[in-house]
Amino acid sequence: MYKTPYQIYDIIFKKILTLSSTAVINLINGLFETAYDADSQIEYNWTEFTDDRLRKVLADTIITINGRHSYHMEAQMTEDDDIIFRVFDYGYGHARQNASHSQNTYTLKFPEPKIIYLYCNHTVPDEYILTLDFGTQGTFDYHVSTFNFLEISPEELNHKKMIILIPFALLKLRKTLEKERTPQTLNALKKLIQNDILTNIDVNETMGNITPADAAKLRSLTHRLYEHIYSHYEEMKELNDMTDETILLDIDIMEDKIDKLNETISQKELEIEQKNTQIAQKDTEIIQKNTEIAQKDTKIAQKDTEIAQKDTEIALLKEQLEKLQSKK
């Protein structure tokens with residue numbers, strides 16, 4: 001049960017940002033026009049900040065790449081006049097926690113922000129600007145650019161390797177299907193699911209932009225989002241069955257592959273464990289043999305000591321005997 005109407009979108013957005021590092025790095029490169037290697041290190045800053053009124057606020061996602069550069073991604077479903085202030089607050093909270101200083105000079109390094117509009121009925125501006133007025137010290141314009149997902153074609157999404165946003169493509173027909181659910185609109189949704197979403201997930205998996213596990217998760221999230229948006233309409237029954245068969249079958253196939261892989265891994269682990277047991281037994285036998293040899297060496301050393309003592313006694317007796325003979 002979701003506490004707010006938009007909570008499912010927030011949950012799905014956060015889930016896609018915890019897919020493989022390759023998929024997430026591709027998204028960041030596409031959103032911020034960077035060129036990080038696919039094996040770059042990712043650090044998630046899931047940190048609650050406390051504002052001046054002691055309310056806890058949680059940044060959507062702030063990700064640090066290679067321990068140096070941070071990126072703040074804020075997902076939106078509606079127009080929000082306070083969004084620029086919230087992004088600034090989150091950025092300041094992150095910068096304050098990671099502040100640096102040298103003597104009496106302090107530095108706050110803000111993450112690079114981006115507002116991602118997954119769906120919006122209003123015109124989305126290219127950027128928001130917050131002017132910071134420092135009085136006699138001058139002013140500074142804080143720029144926050146936007147990304148309007150619904151304006152991006154599947155081709156461009158593939159080109160920029162941002163496929164992990166693809167489940168939200170279901171929102172493209174949301175308004176249309178709220179008004180009417182005709183054979184034409186239902187067919188358009190069917191094509192959207194099969195061509196724009198599932199086919200592109202397969203293509204990106206083949207290209208290596210996402211892992212097989214990422215692909216399975218994206219199909220699952222697509223199905224989850226579809227059920228939330230469309231499955232309650234009576235007219236969607238046939239399409240519901242289609243999505244269940246198409247999406248869930250793919251997931252079942254992937255899960256079956258994973259189960260078989262896990263079974264193989266378990267068998268290999270058992271074989272390794274048996275080998276280790278055999279090696280441990282051999283090691284024990286070697287230790288026992290070494291102990292027996294050490295014991296025999298000790299006995300030999302004791303015998304050698306006894307013989308040396310006897311030789312010393314004999315030498316003394318000979319010496320005494322020679323003295324006695326010399327006196328005669």
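Describe the nonpolar core, naming the residues involved and giving the relevant values.
By size, the foremost hydrophobic cluster in this structure holds 55 residues, and its most contacted members are Phe-13, Ile-16, Met-73 and Phe-168. Taken together, the elements giving at least two residues each to this core come down to α1 (7-16), α2 (21-32), β4 (61-65), β5 (69-76), α6 (183-207) and α7 (212-229).

Hey, could you go over the packing of α1 against α7 for me, with residue numbers and the actual values?
Closest axis-to-axis distance for the α1/α7 pair is 11 Å, and the angle between their directions is 175 degrees. The angle between α1 and α7 places the two elements in the roughly antiparallel class. Here Ile-8, Tyr-9, Ile-11, Ile-12, Lys-15 and Ile-16 of α1 lie close against α7, whose contacting residues are Lys-217, Leu-218, Leu-221, Arg-224, Leu-225, His-228 and Ile-229. Taken together, the residues that form the contact of α1 with α7 break down as nine nonpolar, one polar and three charged.

Which residues make up the sheet that holds strand β8 (residues 112-117), and what values go with them?
Taken in spatial order, the six strands line up as β1-β4-β5-β8-β10-β9 in an open sheet, and their pairing is mixed. One side of each edge strand has no neighbouring strand; the edge strands of this open sheet are β1 (42-44) and β9 (127-133). In this sheet, adjacent strand axes meet at a mean angle of 25 degrees when their direction is disregarded. Here β5 runs beside β8; their pairing, made up of six bridges, is parallel. Looking at β8, one finds that Gln-76 is bridged to Tyr-117. Sheet contacts for α2: β1, β4, β5, β8 and β10 (139-148); angle to β5, the most-contacted strand, approximately 85 degrees.

Provide a residue-level description of the pairing of β5, including the pertinent values.
Taking burial as the measure, the eight residues of β5 include seven buried ones, the bulk of the element. Alignment of β4 against β5, held across five bridges, turns out to be antiparallel. From the neighbouring strand, Thr-64 faces β5, where its bridge partner is Ser-70. Linking two consecutive strands that pair antiparallel, namely β4 and β5, is a turn of three residues; a positive phi of about 55 degrees is found at Asn-66 within it.

Now, about a negative patch on the surface: what can you tell me, with residues and values included?
Negative charge collects at one region of the surface, where Asp-126, Glu-127, Asp-141 and Glu-151 lie side by side. You can see Glu-127 is positioned in strand β9. Note on Glu-127: relative accessible area 36%, which makes it partly exposed.

Tell me what's going on with the packing of aromatic side chains, and back it up with residues and numbers.
Counted under the stated rule, the structure contains five aromatic pairs. Arranged with centres 5.4 Å apart and planes meeting at 80 degrees, the rings of Phe-88 and Tyr-142 form a pair that is edge-to-face. Separated by 54 residues along the polypeptide, Phe-88 in helix α3 (residues 83-97) and Tyr-142 in strand β10 bring together distant segments of the chain. The burial state of Phe-88 is the same as that of Tyr-142; both residues are buried. Geometrically, the ring pair formed by Phe-110 and Tyr-142 is edge-to-face, given 6.0 Å between the ring centres and 65 degrees between the ring planes.

Lay out the side chain of Thr-61 in plain terms, naming residues and giving numbers.
By the element assignment, Thr-61 lies in strand β4. Residue class for Thr-61 comes out buried when judged on its relative accessible area of 1%. Those residues in contact with Thr-61 that sit more than four places away from it in its chain are Lys-14, Leu-17, Tyr-44, Trp-46, Tyr-71, His-72 and Met-73.

Which residues make up the pattern of salt bridges, and what values go with them?
One side chain can pair with another of opposite charge once the charged atoms of both are near each other. Overall, the coordinates contain five salt bridges when judged by the stated rule. Residues Asp-10 and Lys-14 are paired through a salt bridge, measuring 2.7 Å at the closest nitrogen-oxygen approach. Pair noted here: Asp-10 and Lys-14 are both in helix α1, with a separation of four residues, about one helical turn. Arg-219 is the partner of Glu-205 in a salt bridge, and the nearest nitrogen-oxygen pair spans 3.4 Å. With Glu-205 in helix α6 and Arg-219 in helix α7, this pair connects stretches of sequence that are 14 residues apart. Overlapping salt bridges, with partners in common, bring together Asp-202, Glu-205 and Arg-219 in one network.

The rules behind the values
Residues numbered from 1 in each chain as written. Predicted model: local features only at pLDDT ≥ 70, side-chain atom pairs only at ≥ 80, totals over all residues. Heavy atoms only, no water. Core = buried A, V, L, I, M, F, W, Y, C linked by side-chain atoms within 4.5 Å. Buried < 20%, exposed > 50% of the residue type's maximum accessible area, 1.4 Å probe, protein only. Helix = DSSP H or I, 4+ residues; strand = E, 2+ residues; numbered from the N terminus. Axes fitted to C-alpha atoms, helices over the stretch in contact; angles between N-to-C directions. Parallel < 35°, antiparallel > 145°, perpendicular 65-115°, else oblique. Contact = heavy atoms within 4.5 Å. Nonpolar A, V, L, I, M, F, W, Y, C, P; charged D, E, K, R; others polar. Pairing = 2+ DSSP bridges. Patch = residues over 30% accessible without salt bridge, like charges linked within 9 Å, V, L, I, M, F, W, Y side chains within 5 Å. Areas by Shrake-Rupley, 256 points an atom, 1.4 Å probe, with all protein chains shown as cover. Salt bridge = Lys/Arg side-chain N within 4 Å of Asp/Glu carboxyl O. Lys, Arg positive; Asp, Glu negative; His and termini not counted. Charge placed at Lys NZ, Arg CZ, Asp CG, Glu CD. Phe/Tyr/Trp six-rings, centres within 6.5 Å; stacked < 30°, edge-to-face > 60°.

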